[in-house]
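Observations on the model geometry
So the chains spell out like this:
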Amino acid sequence: MGELALIFAFALGPALCVGAAGALALRLLRGRSVTVHIVTLLVVAVTAMVAAVSMVANEMFLSAHDRNVVLITVAAAALVSLTVGWLFGRRLAAAAVWADQARQRERQIEQGRRDLVAWVSHDLRTPLAGLRAMAEALEDRVVDDPATVSEYHRRIRVETDRMTRLVDDLFELSRINAGALRLTLSAVPLGDVVSDAVASTAPLAAACRVRLLAPDSDWPTVLASEPELARVVGNLLLNAVRYTPSEGTVRVEAGADTDWAWLAVADTCGGIPEGDLPRVFEVAFRGERARTPRPSTGELASSGGLGLAIVRGLVEAHGGRVQVRNTTSGCRFEVRLPLPRAA
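Since this is a predicted model, take the numbers as computed values, not measurements.

1. Section: the overall build of the protein chain
- For the protein chain, the count of helices and strands is seven helices and seven strands.
- In the protein chain, the succession of α and β elements from N to C terminus is α-α-α-α-β-α-β-β-α-β-β-α-β-β.
- Within the span of the protein chain, comprising 343 residues, buried residues form 36% of the whole.
- Long-range contacts, defined as pairs at least 24 residues apart, comprise 74% of the intrachain contacts of the protein chain with a sequence gap of at least 6.

Given below as structure tokens:
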């Protein structure tokens, strides 16, 4: 037992030295990646084992040949251990990072759901309260002159249309998020879709004194589902008109390159803060801090911050992409969709 205790003491000394050095190294590397920490731990463990075996082999008065055999064996085992540990350590580190990102993404999605519920609750509560008040006034004959009654009827219709759009947006967004969106792709003349969207938005733009500009020709043909594409263009135009001040301009342009067609909607809103640019397509992000929206009328009332989120979902469902950047006087939303020949 005395000899075994002595051997243990000889092995423990260098192992403790290596362990202390490893602890110091880990403390200095605490800001580095998970891979660095795993590899450092592995190197410390293998080095402590090699140091302990080398010390014991040297103190056992082995022949030079036998001592070299022991050291070579330990070195081979250490090499294999470090190689395998490094390979699988990277996988473990990647899995840890992926799990952390997944948790962060889940928290962001949950926060987005809460924000969406809060925004939608607010957007429904306000028109419902107005509808109730006007309906009670009409029912109790608090107002009876034809002009006021007609105005109440008009406002009831406007608020009903607003809630209908909000419900439609929620349904569309739920289809996108659930993967239940089914597109019927065909060659769609982009000029026809833009013309219809501009015609639908023109009365609102005129009421807000916003100029809508779009060329009459040189529109490409894209591979898309026409109803969903019309919604994309309509949402972009409505968003641009809503945030463009009076006497401003909303311009629609398009073009094509090798395999892609692009559609751009540029406005003179004054721009979006750089920190908000990555968030404009998030659900329930309205960007009041980014731009000053026009006071909500029935026609231009916000739809719970869903319009641009729906744009991104529909564009990505087509295999395209959408992005936004600031320009000199405002911002520019650009949608890229595949050309029919790229299918």
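2. Some thoughts on unusual backbone geometry
- Positive phi outside glycine occurs at R141, with the angle close to 55°.
- A positive phi angle is found at E247, which is not glycine, with a value near 70°.
- In this structure, E247 sits in the loop between helix 6 (226–243) and strand 4 (249–256).

3. Re empty space enclosed by the protein
- Scanning the model with the defined rule gives one cavity of 30 Å³ or more in all.
- Taken as a whole, the largest cavity spans an internal volume of roughly 30 Å³.
- Surrounding the largest cavity, L190, L229, W262, L263, V335 and L337 form its lining.
- Looking at side-chain class alone, the lining of the largest cavity contains six nonpolar, no polar and no charged residues.

4. A word on the confidence of the model for the protein chain
- Considering every residue of the protein chain, the mean pLDDT works out to 80; 86% of them sit at 70 or more.
- Here residues 296–302 scores under 50 on pLDDT; set against residues more than four positions off or in separate chains, the count is 22 contacts.

5. Thoughts on the sheet that holds strand 2 (residues 211–213)
- What the five strands build is an open sheet, ordered 2-4-5-7-6; its pairing is mixed. The outermost strands of the open sheet, each flanked by one partner alone, are strand 2 and strand 6 (321–326). On average, each strand axis in the sheet is inclined to that of its neighbour by 15°, with strand direction left out of account.
- Examined bridge by bridge, strand 6 and strand 7 (residues 331–338) share six bridges and lie antiparallel to one another. Paired with V322 across the bridge in strand 7 is V335.
- Contacts between helix 5 (residues 190–207) and the sheet are confined to strand 2, strand 4 and strand 5 (260–266), with strand 2 contributing the most and set at about 175° to the helix.
- Helix-sheet contacts for helix 6 involve strand 2, strand 4, strand 5 and strand 7, and the interaxial angle to strand 7 is about 175°.

6. Focus: the pattern of salt bridges
- By the definition in use, this model includes ten salt bridges.
- Among the ionic pairs, E136 bridges to R132, the shortest N-O distance being 3.2 Å. Of this pair, E136 and R132 are both found in helix 3 (residues 64–139), four residues apart, which corresponds to roughly one turn of the helix.
- The partner of E151 in a salt bridge is R154, and the shortest N-O contact between them spans 3.0 Å. Here R154 and E151 lie together in helix 4 (residues 146–178), a separation of three residues that amounts to about one turn.

7. Here's the deal with the environment of T83
- Along the chain, the position of T83 falls in helix 3.
- Separated by 41 residues in the primary sequence, T83 and L42 have C-alpha atoms spaced 9.9 Å apart.

8. Considering helix 7 (residues 307–317)
- Counting buried positions along helix 7 yields eight of eleven residues, so the element is predominantly enclosed.
- Three or more residues of helix 7 are buried, namely G307, L308, A309, I310, V311, G313, L314 and V315.
- Immediately downstream of helix 7, the backbone of G319 shows phi near 80°, a positive value.

9. What to know about the state of the cysteines
- Going through the model one piece at a time under the given rule, you end up with zero disulfides.
- Of all cysteine sulfurs, the one in C269 lies closest to C331, which takes part in no disulfide; the gap is 3.6 Å.
- The exposure class of C331 is buried, given its relative accessible area of 0%.

10. A look at a nonpolar patch on the surface
- On the surface, a nonpolar cluster with roughly 310 Å² of combined accessible area is contributed by F8, L12 and L16.
- Looking at the secondary structure, you find F8 in helix 1 (residues 2–28).
- Taking relative accessible area as the criterion, F8 reaches 55% and is therefore assigned exposed.

11. Side note on the nonpolar core
- Core analysis: the biggest nonpolar cluster contains 51 residues, and L229 and L237 have the highest contact counts within it.
- Counting six residues, the second largest nonpolar core, distinct from the first, contains M134, A137, Y152 and M163.

About the cut-offs
- Residues numbered from 1 in each chain as written.
- Predicted model: local features only at pLDDT ≥ 70, side-chain atom pairs only at ≥ 80, totals over all residues.
- Heavy atoms only, no water.
- Helix = DSSP H or I, 4+ residues; strand = E, 2+ residues; numbered from the N terminus.
- Buried < 20%, exposed > 50% of the residue type's maximum accessible area, 1.4 Å probe, protein only.
- Contact = heavy atoms within 4.5 Å.
- 1 Å grid on protein atoms, 1.4 Å probe; cavity = no way out; pocket = protein on both sides within 12 Å on 5 of 7 lines; lining within 4 Å.
- Points joined across faces, edges and corners; volume = space filled by probe spheres on them.
- Nonpolar A, V, L, I, M, F, W, Y, C, P; charged D, E, K, R; others polar.
- pLDDT = per-residue confidence, 0-100.
- Pairing = 2+ DSSP bridges.
- Axes fitted to C-alpha atoms, helices over the stretch in contact; angles between N-to-C directions.
- Salt bridge = Lys/Arg side-chain N within 4 Å of Asp/Glu carboxyl O.
- Disulfide = S-S within 2.5 Å.
- Patch = residues over 30% accessible without salt bridge, like charges linked within 9 Å, V, L, I, M, F, W, Y side chains within 5 Å.
- Areas by Shrake-Rupley, 256 points an atom, 1.4 Å probe, with all protein chains shown as cover.
- Core = buried A, V, L, I, M, F, W, Y, C linked by side-chain atoms within 4.5 Å.

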